[in-house]
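# Structural features, examined
This is what each chain is made of:
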Amino acid sequence: AIDAMEKKQADKPLAANLRGRTLLAKQDLVGARKSFERAQTIDPTYFPAVASLAALDLVEKKPEDAKKRFEALVAKDPKNVQALLALAELRSRTGGTKEEVGELIAKAVAANPLEATPRVMQIDFLLRSNDVKQALSTAQAAVAALPDSAELLGALGRTQQAAGDLNQAISSFSKLVTMRPQAVQPLMRLADAQMAAKDKNAAASSLRKALDIKPDLLEAQRGLIMIEVDAKR
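Residues numbered from 1 in each chain as written. Predicted model: local features only at pLDDT ≥ 70, side-chain atom pairs only at ≥ 80, totals over all residues. Heavy atoms only, no water.

Our focus in this paragraph is the environment of Ala86. By the element assignment, Ala86 lies in helix α6 (residues 81–93). Taking the C-alpha atoms as reference, Ala86 lies 13 Å from Gly96; in sequence the two are 10 residues apart. Sequence-distant contacts of Ala86, that is, excluding residues within four places in its chain, are made with Phe47 and Phe70. (Helix = DSSP H or I, 4+ residues; strand = E, 2+ residues; numbered from the N terminus. Contact = heavy atoms within 4.5 Å.)

Right, let's get into the packing of helix α4 (residues 47–59) against helix α5 (residues 63–76). It is the contact of α4 with α5, at a shortest axis distance of 7 Å, that shows an interaxial angle of 165°. Judged by the angle between their axes, α4 and α5 are roughly antiparallel. For the crossing formed where α4 meets α5, the hand is left-handed. For the pair α4 and α5, contact is made by Phe47, Val50, Ala51, Leu53, Ala54, Asp57 and Leu58 and by Pro63, Asp65, Ala66, Arg69, Phe70 and Leu73, respectively. Class assignment for the residues of the contact of α4 with α5 results in 10 nonpolar, no polar and 3 charged. (Axes fitted to C-alpha atoms, helices over the stretch in contact; angles between N-to-C directions. Parallel < 35°, antiparallel > 145°, perpendicular 65-115°, else oblique. Left-handed = near helix turned anticlockwise from the far one by under 90°. Nonpolar A, V, L, I, M, F, W, Y, C, P; charged D, E, K, R; others polar.)

Another point: the packing of helix α2 (residues 14–25) against helix α3 (residues 29–42). Look at α2 against α3: their axes get within 8 Å of each other, and the N-to-C directions meet at 165°. Between α2 and α3, the angle falls in the class roughly antiparallel. The handedness of the crossing between α2 and α3 is left-handed. Between α2, through Ala16, Asn17, Arg19, Gly20, Arg21, Leu23 and Leu24, and α3, the contact on the second element is made entirely by Leu29, Gly31, Ala32, Ser35, Phe36, Arg38 and Ala39.

Let's shift gears to the packing of aromatic side chains. For the coordinates displayed, the defined rule picks out 1 aromatic pair. Ring centres 6.2 Å apart and planes at 25° place the aromatic pair Phe47 and Phe70 in the stacked group. Here Phe47, found in helix α4, pairs with Phe70, found in helix α5; they are 23 residues apart in sequence, far enough to count as distant. Considered together, Phe47 and Phe70 belong to a single accessibility category, that of buried residues. (Phe/Tyr/Trp six-rings, centres within 6.5 Å; stacked < 30°, edge-to-face > 60°. Buried < 20%, exposed > 50% of the residue type's maximum accessible area, 1.4 Å probe, protein only.)

Let us look at the environment of Val59. With respect to the secondary-structure elements, Val59 resides in helix α4. Of the residues examined, Val59 reaches a relative accessible area of 56% and is grouped as exposed.

Have a look at this one:
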């Protein structure tokens, strides 16, 4: 199938990239690398091939080579959000400073301010760095810029809870539940904030709603059990 695609799309990197993934599944790392390199030769800014080559570099314990790949891609395409975030993730795993990682994520946000993913990563990075005040300010600005993003609303709720502003967190998670009425995770987030605020009745109600959607959700069942145990029932 890949052979047929390659004949039809010889000037596009997709077939070579798929061949690389297939060879990777067969544990042919040498062949996979050659195919990914071919895909990158066809299109030097094709992120999937660059990411796969970087992953192979990491398997071979060559993080510096992986770093250079992403840096070269960013040099060719400075607004490539995927490359900037991948480079930030790599630097955070391989000894990059907080300032370096933060600057890369900030560049990804600036490169595409209407995309939620870089903003969520920025908020989570600040939370992991224990900079809750800056995380809260960043999350509020992100939701103001993209008010219809469920991911950012969830990140705002998590940040508000981390800051100890439980009423605001409950408000954010309640909005998220309205935005995604058939998803269980917003209800679980809401229940967690309600428990933190010691409103066990409201938390139990949220957990039951989650079970109405997914009856075998162990996390919700466990939460209800703990509420009943705490009430000596």
